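Tertiary structure, described
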Protein chains: 2
Amino acid sequence: MNIRFADRMEEVKPSAIREISRLIQQTPGTISFAGGWPAPELFPTEEMKAVCVNIIDEDGREALQYTSTEGYLPLREFIAKRMGASGVDIDPKDILITNGSQQGLDFSGKLFVNEGDVVICESPSYVGALSAFRAYLPRFVEVPMDEDGMIIEELEKALAQNPGAKFIYTIPDFQNPTGRTLSLERRKRLVELAVKYGVPVIEDNPYGELRFEGERLPAVKHFDTEGIVIYLGTTSKTFCPGLRVGWVAASSDIIRKYVLIKQGADLQANTLSQRQIAKFAEMYDYDAHVRGIIDVYRKRRDLMMDMIRKEFPLNISYTYPKGGLFTWVDLPEGMDAAEVLKKALEQGVAFVPGEAFYPNGGNANHFRLNYCTSSDEKIVEGIKRLGRVLKGL
Amino acid sequence: MNIRFADRMEEVKPSAIREISRLIQQTPGTISFAGGWPAPELFPTEEMKAVCVNIIDEDGREALQYTSTEGYLPLREFIAKRMGASGVDIDPKDILITNGSQQGLDFSGKLFVNEGDVVICESPSYVGALSAFRAYLPRFVEVPMDEDGMIIEELEKALAQNPGAKFIYTIPDFQNPTGRTLSLERRKRLVELAVKYGVPVIEDNPYGELRFEGERLPAVKHFDTEGIVIYLGTTSKTFCPGLRVGWVAASSDIIRKYVLIKQGADLQANTLSQRQIAKFAEMYDYDAHVRGIIDVYRKRRDLMMDMIRKEFPLNISYTYPKGGLFTWVDLPEGMDAAEVLKKALEQGVAFVPGEAFYPNGGNANHFRLNYCTSSDEKIVEGIKRLGRVLKGL
């Protein structure tokens, strides 16, 4: 049967990360620094039992029924309050609940991108965002980064050269995959440029709350007086990903369009999950819970950084993330991380090769490590194995 | 700020039903036959408490973590078994869990439709499906119906006149909005025509399990030997809609494409909700639960049909649904149901005017009534009110 699919399906391909997960599952005993999964031992499972029972006792029928497309208002109020902590003053009515921030990425592509439109992003950028956008057939323009995130002069060049660009996509805090954070000064400049060129910013912020040291920077949206920054958040990294609760926060005009997209896409987010997050925040101390996560992740970051220093050859550099889940490793020019991965898997250790994070390809000499999901023992042993592989090259 | 959105946003509009809900909320005391919501008093709330506690005791960390894009295997096994009851032999691996069947509709548009492509549908058809497809800018070709569903000769004409059509969308059982069911003979013919013209069928079946009398017909997919029928199901009407658990079942080649779309769109369905449905089915009798719903809905259907017979003027006809949630009312030619709704709201009763169910407009002289969500008292009083409005015209 010769079935005709839409043209976009040429660009919709398996995720590199999911493919690696399959390889890892085929080799039991592999220590994986590949995924972007949070540590499950930090999920508040006991509390969740009380939360579930409480919700159903109070209002079980409502909790299992359809609800509004926009989402459960007490949850949106809770989110608005938390966003205040990163300097964003937002009305709960201007928040739409989505299925994780991944859905906010998909909706952003749907809202803005006609075939061939330019999307500006960091180089490298989150592979899942690139996949989501790709379904709408954009052309990606990459902006190089340094230790302080996107280089603003390069961004301005990209904007000047692509006057029809649809949006600038950025992960300003502990970026995926590099772990880098956009500096305060650059946040201001980013918004100024967005306004100057009339190009919206999609600020994707899954990791901002997971800062190990130093002071939290105000969100890019904090500097937005024109309603040009669209903020995507999620509870996947501060609570748990299985409930799929994320959000979009934007000016009223724009959020209304996201709501219409949500209505057609799947009507609404899960009613019960929305109430679970809100009820947990009501019954327990969400901030204390997040601090608990930070403490564990900070120790694991420290341990992995120590081990890398000891075990990796000197010609290999890497980022020192002050929060989030990832560090980004640079191999010498000309080396191919995908080839290194093959050898690493033979030694029982895995990571994500960097090429998939570059929308236009190339840059094969990088890889991403996740330090959050593994126990101390696995970090020590895994980095030793990886060091042996790297020294052997 | 002059932000440039994608062209598709011209077609993404507020749902007529959600707009009516807003009007209803503004007038307290209105009896609403408008929504498509199931009756919440039939949700198994007490059982859900035990289900939640059980899941977390057994495997709380896994239940809150990411899972595979395809979905939780025991749930897919349960669904495959239930599909067997409507004559569909499907491998659980060829099932993808979605956020309600609405997401399956959105993904179907994404998978098949380039701008300007033809989508063939029943006339009238489910307004939410039309919204989902519209975001991909199709051209709709409508196939007239009679009491036995789509008229097959008209379908063949549509296929012959539109050789590039991308799919045929049908709700064969207790159709939304008409309550009509596609006859057995026509199901066979539909699949034959699909194969002959090489055009896939999207079989959307949210209501098939809710049959009040007579024997269940085999699904359209039952007759599919070529992998040309894509089946969409949901637990929203047999369990509860708040958990947003639906599915797509299709041949391996096609389901793989849906999985890729799911990955980019929101990674995966809610882990906990998937386990809740599977655990409920393990701990309790899902069939008995569905029978309980059927008993209540059948009585409400009977009552509304009786009341309509007594209270509506003789020049108004309507369908007699053997299952599902809706009956469809025909006003005399030239009348406008939207105008009738204004008068009805003044009398404290609401329905959905029919025009939104016709993708190319027109046909203003119809409306849809939901008999499932209202108590006996409300059905009696609401139809009396509506009868007065109709007699007064």
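Residues numbered from 1 in each chain as written. Chains lettered and ligands numbered in written order. Predicted model: local features only at pLDDT ≥ 70, side-chain atom pairs only at ≥ 80, totals over all residues. Heavy atoms only, no water.

**Some words on the sheet that holds strand S11 (residues 326-330) of chain A**
Residue and element names in this part refer to chain A. The sheet built from four strands is open, its strands ordered S10-S11-S14-S13 with antiparallel pairing. Because the sheet does not close on itself, it has two edges, and the strands there are strand S10 (317-318) and strand S13 (352-353). The pairing of S10 with S11 spans two bridges and is antiparallel. Note that in S11 the partner of Tyr318 across the bridge is Val329. (Pairing = 2+ DSSP bridges. Helix = DSSP H or I, 4+ residues; strand = E, 2+ residues; numbered from the N terminus.)

**As for the nonpolar core**
Most often, soluble globular proteins have nonpolar side chains that are buried together. Ranked by internal contacts, the top residues of the largest apolar core, which has 249 residues, are A:Leu369 and B:Leu369. By size, the runner-up hydrophobic cluster in this structure holds 22 residues, among which are A:Val118, A:Ala158, A:Leu182 and A:Val229. (Core = buried A, V, L, I, M, F, W, Y, C linked by side-chain atoms within 4.5 Å. Buried < 20%, exposed > 50% of the residue type's maximum accessible area, 1.4 Å probe, protein only.)

**Remarks on a negative patch on the surface**
All names here are of chain A. A cluster of acidic side chains, namely Asp7, Glu10, Glu11 and Glu115, defines a negative patch on the protein surface. Mapped onto the secondary structure, Glu10 falls in the segment before helix H1 (16-26). The exposure class assigned to Glu10 is exposed, which follows from its relative accessible area of 63%. (Patch = residues over 30% accessible without salt bridge, like charges linked within 9 Å, V, L, I, M, F, W, Y side chains within 5 Å. Areas by Shrake-Rupley, 256 points an atom, 1.4 Å probe, with all protein chains shown as cover. Salt bridge = Lys/Arg side-chain N within 4 Å of Asp/Glu carboxyl O. Lys, Arg positive; Asp, Glu negative; His and termini not counted. Charge placed at Lys NZ, Arg CZ, Asp CG, Glu CD.)

**A short note on the interface of chain A and chain B**
Contact with chain A, which involves 83 residues of that partner, is made by 83 residues of chain B. Between chain A and chain B the total buried area reaches about 7,100 Å² when both faces are included, carbon and sulfur atoms providing 61% of it. Ionic pairing is found between A:Asp57 and B:Lys49, a salt bridge with its closest N-O pair at 2.4 Å. Taken together, chain A and chain B are joined by 35 residue pairs in polar contact (both at pLDDT 80 or more). (Contact = heavy atoms within 4.5 Å. Buried area = accessible area lost by both parts, 1.4 Å probe. Polar contact = N/O pair within 3.5 Å; in protein donor to acceptor, adjacent residues only side chain to side chain.)

**Some points on a positive patch on the surface**
Residues and elements named next belong to chain B. A cluster of basic residues, Lys310, Lys384, Arg388 and Lys391, forms a positive patch at the surface. With three residues, helix H12 (residues 376-391) is the single largest residue contributor to the positive patch. Relative to the elements of secondary structure, Lys384 occurs in helix H12. What makes Lys384 partly exposed here is its relative accessible area of 32%.

**Some remarks on the relation of the copies chain A and chain B**
There are two copies of the chain, and a rotation about an axis plus a shift along that axis relates them. Mapping chain A onto chain B is achieved by rotating through 180 degrees and translating by 0.0 Å along the same axis, at an RMSD of 0.0 Å. Each copy turns onto its partner about a two-fold axis. Minimal C-alpha distance to the rotation axis in chain A is attained by A:Cys52, lying at 3.3 Å. A shared binding surface is used by both copies, with 100% of the interface residues of chain A retained as interface residues in chain B. (Least-squares fit on C-alpha atoms with pLDDT ≥ 70 in both.)

**As for the sheet that holds strand S6 (residues 167-170) of chain B**
Taken together, the eight strands give an open sheet; going across it, the order is S2-S9-S8-S7-S6-S3-S4-S5 (chain B), and neighbouring strands pair in mixed fashion. Two strands close off the open sheet at either side, each with one partner strand: strand S2 (95-98) and strand S5 (149-150) of chain B.

**Some thoughts on the pattern of salt bridges**
In the structure shown here, the tally under the stated rule is 53 salt bridges over all chains. We note a salt bridge from A:Lys166 to A:Asp117, for which the minimum N-O separation is 2.7 Å. With a gap of 49 residues between them, A:Lys166 in the loop between helix H6 (152-161) and strand S6 (167-170) and A:Asp117 in the loop between helix H4 (100-112) and strand S3 (118-123) connect regions that are remote in the sequence. For B:Glu154, the salt bridge is made with B:Lys157, and the minimal N-O distance between the two is 3.4 Å. Of the two residues, B:Glu154 and B:Lys157 both sit in helix H6 (residues 152-161), three residues apart, roughly one turn of that helix. Classification of B:Glu154 as partly exposed rests on a relative accessible area of 28%. Exposure remark for B:Lys157: the relative accessible area of 44% places this residue in the partly exposed category. Connected through shared salt-bridge partners, A:Glu156, A:Arg189, A:Glu192 and A:Lys196 make up one network.

**Structural notes on the state of the cysteines**
Residue and element names in this part refer to chain B. The full count for this structure, using the stated rule, is zero disulfides over all chains. Of the cysteine sulfurs around Cys240, a residue in no disulfide, the closest is that of Cys52, at 10 Å. Judged by its relative accessible area of 0%, Cys240 falls in the buried class. (Disulfide = S-S within 2.5 Å.)

**Focus: the pairing of S2(B)**
Residues and elements named next belong to chain B. The alternating pattern of S2 places Ile95 and Ile97 and Leu96 and Thr98 on opposite faces, both of which are buried. Bridge analysis of S2 against strand S9 (residues 246-249) gives four bridges, and the strand direction is antiparallel. Each residue of the ladder has a partner; that of Ile97, found in S9, is Trp247.

**Observations concerning the packing of aromatic side chains**
A full pass over the atoms with the stated rule returns 30 aromatic pairs over all chains. With centroids separated by 5.7 Å and ring planes inclined at 50 degrees, the aromatic side chains of A:Trp37 and B:Tyr66 adopt a geometry described as tilted. In this pair, A:Trp37 sits in the loop between strand S1 (31-32) and helix H2 (45-64) while B:Tyr66 sits in the loop between helix H2 (45-64) and helix H3 (73-84), so the two residues belong to two different chains. By relative accessible area, which is 35% here, A:Trp37 ends up partly exposed. Accessibility expressed as a relative area gives 9% for B:Tyr66, which makes it buried. Aromatic side chains B:Phe280 and B:Tyr284 sit 5.1 Å apart centroid to centroid with 35 degrees between the ring planes, which places their arrangement in the tilted category. (Phe/Tyr/Trp six-rings, centres within 6.5 Å; stacked < 30°, edge-to-face > 60°.)

**Let's talk about the environment of B:Pro241**
Along the chain, B:Pro241 falls in the loop between strand S8 (229-234) and S9. With 142 residues separating them along the chain, B:Pro241 and B:Asn99 place their C-alpha atoms 9.6 Å apart. The contact partners of B:Pro241, leaving out residues within four places of it in the chain, are A:Leu64, A:Gln65, A:Tyr66, B:Pro38, B:Phe43 and B:Ser236.

**As for unusual backbone geometry**
The omega angle of the peptide bond from A:Ser123 to A:Pro124 is 5 degrees, so this bond is cis rather than trans. Looking at the secondary structure, you find A:Pro124 in the loop between S3 and helix H5 (127-134). The phi torsion at B:Leu137 lies on the positive side, around 60 degrees, for a residue other than glycine. By secondary structure assignment, the location of B:Leu137 is in the loop between helix H5 (127-134) and strand S4 (139-146). Residue B:Leu267 is not a glycine yet carries a positive backbone phi of 70 degrees. Relative to the elements of secondary structure, B:Leu267 occurs in the loop between helix H8 (252-266) and helix H9 (271-283).

**Quick notes on H5(A)**
The buried fraction of H5(A) is high, at seven of eight residues. By the burial criterion, the buried members of H5(A) are A:Val127, A:Gly128, A:Ala129, A:Leu130, A:Ala132, A:Phe133 and A:Arg134. Contact partners of the buried residues in H5(A): H1, H4, S3, strand S4 (139-146) and S6 of chain A together with H8 of chain B.

**Side note on the packing of helix H4 (residues 100-112) of chain B against H5(B)**
All names here are of chain B. Two elements in contact, H4 and H5, have axes separated by 8 Å at closest approach and are oriented at 35 degrees. Like other packed secondary-structure pairs, H4 and H5 cross with a definite hand, here right-handed. Residues Gln102, Leu105, Asp106, Ser108 and Gly109 of H4 pack against Gly128, Ala129, Ala132 and Phe133 of H5. Here the contact of H4 with H5 is composed, by residue class, of four nonpolar, four polar and one charged. (Axes fitted to C-alpha atoms, helices over the stretch in contact; angles between N-to-C directions. Left-handed = near helix turned anticlockwise from the far one by under 90°. Nonpolar A, V, L, I, M, F, W, Y, C, P; charged D, E, K, R; others polar.)

**Points about the side chain of B:Glu122**
Residue and element names in this part refer to chain B. The residue Glu122 is located in strand S3 (residues 118-123) in this model. For the buried Glu122, which has no salt bridge, the nearest side chain bearing the opposite charge is Arg187, at an N-O separation of 8.6 Å. One polar contact links Glu122 to Thr170, side chain to side chain, over a distance of 2.4 Å. A distance of 2.8 Å separates a polar atom in the side chain of Glu122 from a polar atom in the side chain of Gln175.

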